[in-house]
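So you can see what is in the structure, the chains are spelled out below.
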Amino acid sequence: MRRRATPRMVRMRGVGGLILWASAVTSAVFPLVGARTDAWYPVRALAGPVAVIAAIALVAVTDVAERRRRRNAVPTSQ
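All residue numbers here refer to positions counted from 1 along the written sequence of the relevant chain. The predicted origin of the model limits local features to residues at a pLDDT of at least 70 and limits the giving and counting of side-chain atom pairs to 80 or more, whereas totals for whole chains, interfaces and linings rest on all residues. Side-chain measures here rest on the full set of heavy atoms in the structure, leaving out hydrogens and waters.

(A) Representation of the overall build of the protein within the structure. Within the protein, the regular secondary structure consists of 2 helices and 0 strands. For the protein, the residues scored as buried account for 17% of the 78 residues in total. By the convention used here, residues are in contact when the closest approach between their heavy atoms is within 4.5 Å. Within the protein, contacts between residues separated by at least 24 positions form 79% of all contacts whose residues are at least 6 apart in sequence. In the structure as shown, the protein presents an accessible area of about 6400 Å², 66% of it carried by carbon and sulfur atoms. The helix count covers DSSP runs of H or I at least four residues long, the strand count covers runs of E at least two residues long, and both are numbered beginning at the N terminus. Throughout, exposure labels follow a simple rule: accessible area from a 1.4 Å probe, protein chains only, divided by the maximum for the residue type, with under 20% read as buried, over 50% as exposed, and the rest as partly exposed. The Shrake-Rupley method, run with a 1.4 Å probe sphere, supplies the accessible areas, and residue values consider only the shown protein chains as cover.

(B) Quick look at a nonpolar patch on the surface. A cluster of nonpolar side chains, namely L18, W21, V25, V29, L32 and V33, defines an oily patch on the protein surface of about 650 Å² accessible area. On the basis of relative accessible area, L32 is assigned to the exposed category, the value being 73%. Patch rule: a residue counts if its relative accessible area is over 30% and it has no salt bridge; like charges are joined within 9 Å, and nonpolar side chains (Val, Leu, Ile, Met, Phe, Trp, Tyr) within 5 Å. Take a side-chain nitrogen of Lys or Arg and a carboxyl oxygen of Asp or Glu: if they are within 4 Å of each other, that pair is a salt bridge.

(C) Just helix 1 (residues 7–33), in detail. Expected span of a helix, by definition, is 1.5 Å for each gap between consecutive residues, and there is one gap fewer than residues. Look at helix 1: 38 Å from first C-alpha to last across 27 residues, which is about the 39 Å you get at 1.5 Å a residue. Among the residues of helix 1, M9, M12, G16, S23 and F30 are the ones counted as buried. Here the buried face of helix 1 lies against helix 2 (41–71). Taken from the residues just after helix 1, G34 is the one with a positive phi, measuring 75°.

(D) Seen up close, helix 2. Between its first and last C-alpha atoms helix 2 spans 44 Å; for 31 residues at 1.5 Å apiece the expected length is 45 Å, and the two agree. At V50, helix 2 is bent by approximately 45°, the largest bend along its length. Structurally, helix 2 contributes buried residues whose contacts are with helix 1. Given a residue, its bend is the angle between the two axes fitted to the seven residues that end at it and to the seven that start from it.

Shown next, in the form of C-alpha cells:
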C-alpha cells in the first residue's frame, strides 16, 4: 500500500524546495553582480552548503516525525 503524505509533510517539502531554490539563485547571482568575496562570505556560506543541509534536515526530521506519529496513533473518542 502506498504511503500518503500528510499536509504537514507536503508543506515541509515545499519549504525545503524553496530553500534549495533560493540557495541556487543566490549562489548564481553573486558572481553576476560582482560582489566581493571577502565582504559577502557569511552570506555566501549560508546560501551555499548550509542552506542545502538545512533543507535536507528539515524534510528528514519532518518525515521521521510523521512516521513516528503514524506508528503511535492516538485513539480517537468513539
